[in-house]
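Below, each chain spelled out in residue letters.
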Amino acid sequence: MASGNGSNFEAIVKACHCGQINAQPVKLIGDKPKAFVFERAKTLGVDSECIDYQSFTYRSEFEDQLLRACKKDGPDYIVLAGFMKILPVQFIHNFKDKIINIHPSLLPKYPGTKAIEKAWANDDSVSGVTVHYVDEGVDTGKIILQKSLEIDRTKTFEDFCQQMHALEHQVYIEALQKILK
Ligand code: GRF
């Protein structure tokens, strides 16, 4: 599930396709029709479905539709890669211990949005990436894998973001390999 650029999605799908991860990506589910991740899915030959958040009057309708779409293909795991909506409790209970997320900080530090910006603004010397199971809280689920990164203050914020994304791709693949042995 993704909402935006989809670089993690692409790294994961490629790792599945070349046998680095023992899994078959069933479908991409997104909430924003214009998100670049849908282009990536097309190029990679992965089915996709958009549950357009803006097209619903009530959030509960969107959430029901999202749950239906995810249940349809009976996935073993749901992998969140920049999916920018908080999942409702009912959704989480339906896929207990089966939803995985990546977060750009060393959790429990900086849960929620803008974690990369916070690490930079606070002059932290170390940041990192966490892959974790999703529970009812915000970025509070059991940690699967975590890797740190020294922040080089001679470089720009954009350089730091790039390093973080490259690390995310690596760590996500390693974490999924660990689960899907
Ligand atoms: C990543 O930084 C991820 O940690 C956060 O959203 C971003 C998604 O990036 N949750 P991308 O769409 O995979 O390029």
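Residues numbered from 1 in each chain as written. Predicted model: local features only at pLDDT ≥ 70, side-chain atom pairs only at ≥ 80, totals over all residues. Heavy atoms only, no water.

Let us now look at helix H2 (residues 37-44). Regarding H2, the residues found buried are Val37, Phe38, Arg40, Ala41 and Leu44. Down the axis, H2 shows its buried residues gathered within 155° of arc, on one side only. In H2, the exposed residues that point more than 90 degrees away from the buried face are Lys42 and Thr43. The inward-facing, buried residues of H2 abut helix H1 (7-17), strand E1 (28-30) and strand E2 (48-50). Following H2 by one or two positions, glycine 45 has its phi on the positive side, about 70°. (Buried < 20%, exposed > 50% of the residue type's maximum accessible area, 1.4 Å probe, protein only. Helix = DSSP H or I, 4+ residues; strand = E, 2+ residues; numbered from the N terminus. Arc of directions from axis to C-beta. Contact = heavy atoms within 4.5 Å.)

Our focus in this paragraph is the state of the cysteines. In a disulfide, the sulfur atoms of two cysteines are held together by a covalent bond. Within the structure shown, the criterion is met by zero disulfides. Sulfur of cysteine 18: no disulfide; nearest cysteine sulfur belongs to cysteine 16 and is 8.6 Å away. Exposure remark for cysteine 18: the relative accessible area of 54% places this residue in the exposed category. (Disulfide = S-S within 2.5 Å.)

Further remarks concern the sheet that holds strand E3 (residues 78-80). Pairing is mixed across the open sheet formed by four strands, whose spatial order is E3-E4-E5-E6. Since the sheet does not close on itself, it has two edges, and those belong to E3 and strand E6 (143-150), each with one partner. With strand direction ignored, the average angle separating the axes of adjacent strands in the sheet is 10°. Relative to strand E4 (residues 99-103), E3 is paired through three bridges, and the arrangement is parallel. In the strand pairing of E4, valine 79 is matched with isoleucine 100. (Pairing = 2+ DSSP bridges. Axes fitted to C-alpha atoms, helices over the stretch in contact; angles between N-to-C directions.)

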